[in-house]
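Residues per chain, in single letters:
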Amino acid sequence: MPLAVVVATLFDSPSEAWREVVGYGVLGGYVKGTMIMLLGTGLLASIFGIGAAWAVTVWEFPGRRFFSLALMFPMAIPTYVAAYAYDFAKYELRDPMMLWVREKFGAGAMMDANIVFNHALAVLVLALVLYPYVYIAARIGFSEISGAYIENSRLLGRSLWRSLFSVGLPLARPAIIGGLLLVLLEVMNEYGAMLHYGIETLTIGIFNQWYDWEDTDSAIRLAGVAMLVVFAIIIAEMVLRGRSRFHAHHGLRRNLAEKPKTLLGAALACGFCSILLFFAFLLPLWELLKLAWHGVEKVQVGELMRPVFGSLSMALLAGLVILAAALFLAYAARLFPGLTMRLLSKMCMLGYALPGAVVVIAMLSATAFISGLVSVDSLTTTLFTATPIGLVMAYAVRFMTPALAPLEAGMTGIRHSMDEASRILGRSSWGSFFRIHLPLLSMPLLGALIVLFVDILKELPLTLVLSPPNVETLATQTFGLMHKEERFAEGSLPALILVLSGCVGVIILHRLIRRSHQA
Amino acid sequence: MSLNNVETIFSTLSTCIYSMNPMFRISFIAIIVSFLLPSSGGAKEVTVYSHRHYEADDALYAKFTKQTGIKVNIVKASADALLERIKAEGNNSPADVLITADAGRLVRARAAGVLQPATSAKLAAQVPQNMRDADNHWHAFTVRARVLIYSKERVKPSDLSSYEDLAGAKWKGRVVARSSTNIYNQSLLASIVAAAGPDQATAWATAVRGNMARAPEGSDRDQIRAVAAGIADVAIANTYYVGLLANSPDPKDREVAGKIGVFFPNQNGRGAHVNISGGGVVKSAPNRNNAIKLLEFLTGSQAQASFPETTYEYPLDISGTQSKLLKSWGAFKADNLPLQTLGEKNADAVKIFARARWK
């Protein structure tokens, strides 16, 4: 329905404000900013994610098992927290640099250099906290799908480096593209960090039109342009994923890591992982710890319990509900492989790519619409506004993609002949689902749950607007203290707990995956 | 098909729940159940939708509850989103009070028809005429001054005079200000539109944008830091950010506060630009009387004395503040333009900023 409204508006005659947006070259600026961020972050996150996954998959080096887990941790840092944690780069690195530029080349050069620096920093910070999406997908891809092939390639005498490009990447492609898709969609809807660095993107534009111009029409038009970009990304993903159906050789699953032939290889792998982990996780964590050290005496620890409880319960509750729904969608798409189902599952991605506040407005109009349909409307309003049902539904709209993407990739890995065999043996489609697909999907399911748990923990705009009264989560408290009050020292405490509980979630689920593999 | 769907969800959920250990299982189910139950709706409560995300406000609400026995339920989000939520909830909205951090949003809320007049002798006595809506649809409870922050090292206070002066050639490459998407800048420009008309306001915004040392980025605090770092010499910012820096637990922030000075502009003319935080009673408020009581409390002496100490905002009686920090910035004359005007001229201001390419 929100989609339909957007499309309909695109064909209306443009409002005055829209003409001003186009007339002053503002739209071009939005598109340019968005493209720079998409390309930069996508490229950097791919290099980080694939490089790290390849290193821990095929090399044996000191601390490999630690790295294979710890390299997921940066995803626990919300982008708005990472932006603040990296503020030191602005004050201690950029500002002195800018003063030097002004002295050497003049004020105009400083203005330009400042813009370039901000874009570069934004790309780096986003890539550092978003690469784990690619990393996790690539790990699954390398170990589940192409493990046996990589081994064969090695036996045939190819170097590990050549095996990456000739075997590893092509075979793990569906999984990696799925991970990259999540990164790009996150970049599309990023708001706080872009505002922080003064970068104009379509999402910034949507807010601008909506709230400042009070011009819903232009906002929706911009959302339409944003959706075109998203569609382009999704279609690229479908094309890239292609019709390829590579299947796992589950019988051959084994630890691929081997002793490297050269010391140099081990040093490179270890060095790459260490540097990445340092910049993506240890450095921001250290900055937060330094701030928290100043702030700790001003905060009563007891007051932190409420947001901790709010966050964990919402993340678990909504995570399980969304996972169940995603599982249903993924299996339905397999049973009925027509265009409708494919489109339907792709449409779910819009919720992930559109800015959170647009999803909020869509949810609110949907609530109003449903209340209008049902005669006992006070009941629906109560259900939506006084209980977390509305919020859980909104999370589902927003986070169907991170749940669905790994499940779909996982489904691709299960041979269709398995379904056929099961059906021939007389099982119903739901019977085969529980006997065949669910067990085979354990890895993608847990992967999806990690991503969901951490995503919901970090989620901000929906939680702020749609939560029932008096619900405080770690994310809303961090946001309140850091962004609204600008009391960074005090805000770094809930931020730290938020990051660390995300890490704990990652560790627990990592354990579960390991256990399920041993079983 | 749909039955199977439900079955799948439940069986997946129950598989998950049964794989937990018993203690965890019980608490998990308890959590879900407690979440699904709506909070009990007693009469002794008031529900606040607030744009203000301050812990100090929570402490004030706790005091209010202690004094009156009225429980305060809070939803904190941006004023625009909360306004949309109230509209969507319609007549069944649980909201009693809408609180924003600027007059423009309150004017907008009134225009959207979601507020109702709150008439009370106490409110009339406690809130000055220009700090409330003409028909009492909203009342201010804190005041925020938008001033010039200058480098003590490179700028003499005598070099500064007014907002208009920042458009002069001597400030080329020396000014910083945040994005025009911010409401504080919009209301400042709205006050200039009200004082000098749209053409002069456009000329001003274009010239100040041309004098900037860097493209707008970050918050008011970032502008103040840019002045302290030497990137620029003058910043446009709200005073309470200086309070935050001066009282920050982080020594680096306090160092920044030591390097800058506060200058109240336009003291020989209309006065420094001020905006407010304020609240209005929602039209469908289920607890209208409690809502008015809350507004009376926020504009009353106890709350008024607390704001300068906790959020470094000015009380409604600007000159009457006892705060040492606020007094150290000096007494000043505030622009006494009716705040309603800020809301009415907001659309002009947004358009002018776009024309001036002040992004």
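A quick note: this is a predicted structure, and the numbers were derived from the prediction, not measured.

## What about the overall build of chain B?
1) Next: When you go through chain B residue by residue, the secondary structure sums to 16 helices and nine strands.
2) Next: Each of the 359 residues in chain B was classed as buried or not, and the buried ones make up 53%.
3) Next: Taking contacts inside chain B between residues at least 6 apart in sequence as the whole, the part at least 24 apart equals 77%.

## Let's talk about the overall build of chain A
1) Next: A count of helices and strands for chain A gives 24 helices and zero strands.
2) Next: Within chain A, the proportion of its 519 residues that are buried is 53%.
3) Next: Partitioning the contacts of chain A with sequence separation of at least 6, the portion at a separation of at least 24 is 82%.

## Overview of the domain arrangement of chain A
Residue and element names in this part refer to chain A.
1) Next: One can read the domain layout of chain A as domain 1 (33–197 + 242–289) and domain 2 (304–519).
2) Next: Contact residues are listed per partner, giving 30 residues for domain 1 and 35 residues for domain 2.
3) Next: Contributing elements (two or more residues each) for the side of domain 1 that touches domain 2: helix H5 (79–85), helix H7 (107–145), helix H9 (160–189) and helix H13 (263–295).
4) Next: Of the residues contributing to the side of domain 1 that touches domain 2, the split by class is 24 nonpolar, four polar and two charged.

## Overview of unusual backbone geometry
1) Next: With a phi close to 70°, A:Asn470 is a non-glycine residue in the positive phi region.
2) Next: Summarising the element assignment, A:Asn470 is placed in the loop between helix H22 (461–466) and helix H23 (474–484).
3) Next: Among the residues examined, A:Asn470 registers 15 C-beta atoms within 10 Å and is labelled partly exposed.
4) Next: Even without a glycine there, the phi angle at B:Arg357 is positive, about 55°.
5) Next: Along the chain, the position of B:Arg357 falls in the segment after helix H16 (346–355).
6) Next: In this structure B:Arg357 comes out as partly exposed when scored by C-beta crowding, with 16 C-beta atoms within 10 Å.

## Thoughts on helix H7 (residues 183–196) of chain B
1) Next: Between its terminal C-alpha atoms H7(B) stretches 20 Å, which fits the 20 Å expected from 14 residues at 1.5 Å a residue.
2) Next: The first or second residue beyond H7(B) is B:Gly197, which carries a positive phi of 90°.

## Overview of the pairing of strand E3 (residues 97–100) of chain B
Every regular strand shows the same layout, with side chains that alternate between the two sheet faces.
All names here are of chain B.
1) Next: Of the two faces of E3, the one lined by Val-97 and Ile-99 and the one lined by Leu-98 and Thr-100 are each fully buried.
2) Next: Two elements, strand E1 (residues 45–50) and E3, share three bridges in a ladder whose sense is parallel. If you follow Ser-50 over to E3, its bridge partner there is Ile-99.
3) Next: Sheet analysis places E3 next to strand E9 (residues 273–282), joined by four bridges and oriented antiparallel. Looking at the pairing, Leu-98 lines up with Gly-280 of E9.

## So, the domain arrangement of chain B
All names here are of chain B.
1) Next: Looking at the assigned domains, one finds that chain B contains domain 1 (2–27), domain 2 (45–142 + 276–320) and domain 3 (144–273 + 334–355).
2) Next: The C-alpha-based centres of domain 2 and domain 3 are spaced at 27 Å.
3) Next: Each side of the interface is counted separately: domain 2 has 18 residues, and domain 3 has 17 residues.
4) Next: Secondary-structure elements contributing two or more residues to the side of domain 2 that touches domain 3 are helix H5 (103–111) and strand E5 (139–151).
5) Next: The dominant element in the side of domain 2 that touches domain 3, judged by the number of residues it contributes, is H5, at five residues.

## Quick notes on helix H18 (residues 389–412) of chain A
Residue and element names in this part refer to chain A.
1) Next: Spanning 24 residues, H18 covers 32 Å between terminal C-alpha atoms, matching the ideal 34 Å at 1.5 Å per step.
2) Next: Within H18, the axis deviates most sharply at Phe-399, by approximately 55°, and proline Pro-402 lies no more than four positions further along.
3) Next: Burial of H18 is extensive: 20 of the 24 residues sit out of reach of the surface.

## A closer look at the confidence of the model for chain B
Residues and elements named next belong to chain B.
1) Next: Averaged over all residues, the pLDDT of chain B equals 88, while 88% of them reach at least 70.
2) Next: Strand E4 (residues 115–116) holds the highest mean pLDDT among the elements of chain B, 97, whereas helix H1 (residues 2–18) holds the lowest, 46.
3) Next: Counted against residues more than four places away or in other chains, residues 35–42, with its pLDDT under 50, gives 11 contacts.
4) Next: Confidence estimates for the predicted assembly give a pTM of 0.82 and an ipTM of 0.79.

## What to know about the packing of H7(B) against H16(B)
Residue and element names in this part refer to chain B.
1) Next: Closest axis-to-axis distance for the H7/H16 pair is 8 Å, and the angle between their directions is 105°. In terms of axis orientation, H7 runs roughly perpendicular to H16. Here H7 contributes Gln-186, Leu-189, Ala-190 and Val-193 to the contact with H16, which in turn contributes Asn-346, Asp-348, Ala-349, Val-350, Ile-352 and Phe-353.
2) Next: In the contact of H7 with H16, the residues fall into seven nonpolar, two polar and one charged.

## Focus on the confidence of the model for chain A
All names here are of chain A.
1) Next: Mean pLDDT over chain A: 80, with 83% of residues reaching 70 or higher.
2) Next: The lowest-confidence element of chain A is helix H1 (residues 2–11), averaging 52 in pLDDT; the highest-confidence one is helix H6 (residues 87–105), averaging 92.
3) Next: Across residues 245–254 the pLDDT falls below 50, and counting only partners more than four positions away or on other chains, this stretch makes 12 contacts in the model.

## Digging into the environment of B:Arg110
Residues and elements named next belong to chain B.
1) Next: Tracing the sequence through the fold places Arg-110 in helix H5.
2) Next: We classify Arg-110 as buried; it has 22 C-beta atoms within 10 Å.
3) Next: When near neighbours in sequence (up to four residues on either side) are disregarded, Arg-110 contacts Leu-115, Asp-133, His-137, Trp-138 and Gly-280.

## Points about the environment of B:Arg288
1) Next: Tracing the chain through its elements places B:Arg288 in helix H12 (residues 288–299).
2) Next: The spatial distance from the C-alpha of B:Arg288 to the C-alpha of B:Ser180 is 36 Å, given a sequence separation of 108 residues.

## A look at the nonpolar core
1) Next: In terms of nonpolar packing, the biggest core is built from 273 residues, with A:Val134, A:Leu323, A:Ala326, B:Ile224, B:Val227 and B:Ala235 touching the most fellow members.
2) Next: When residues in this core are grouped by element, the largest group, 19 residues, is from H7(A).
3) Next: Setting aside its immediate chain neighbours within four residues, A:Leu323 contacts A:Ala403, A:Leu445, A:Ala448, A:Leu449 and A:Leu452.

Conventions we followed
- Residues numbered from 1 in each chain as written.
- Chains lettered and ligands numbered in written order.
- Predicted model: local features only at pLDDT ≥ 70, side-chain atom pairs only at ≥ 80, totals over all residues.
- Helix = DSSP H or I, 4+ residues; strand = E, 2+ residues; numbered from the N terminus.
- Buried ≥ 20, exposed ≤ 12 C-beta atoms within 10 Å, placed from the backbone.
- Contact = placed C-beta atoms within 7 Å.
- Domains from an automatic or database assignment.
- Nonpolar A, V, L, I, M, F, W, Y, C, P; charged D, E, K, R; others polar.
- Expected span 1.5 Å × (residues − 1).
- Pairing = 2+ DSSP bridges.
- Bend = angle between axes of the 7 residues up to and from the residue.
- pLDDT = per-residue confidence, 0-100.
- Axes fitted to C-alpha atoms, helices over the stretch in contact; angles between N-to-C directions.
- Parallel < 35°, antiparallel > 145°, perpendicular 65-115°, else oblique.
- Core = buried A, V, L, I, M, F, W, Y, C linked by C-beta atoms within 7 Å.

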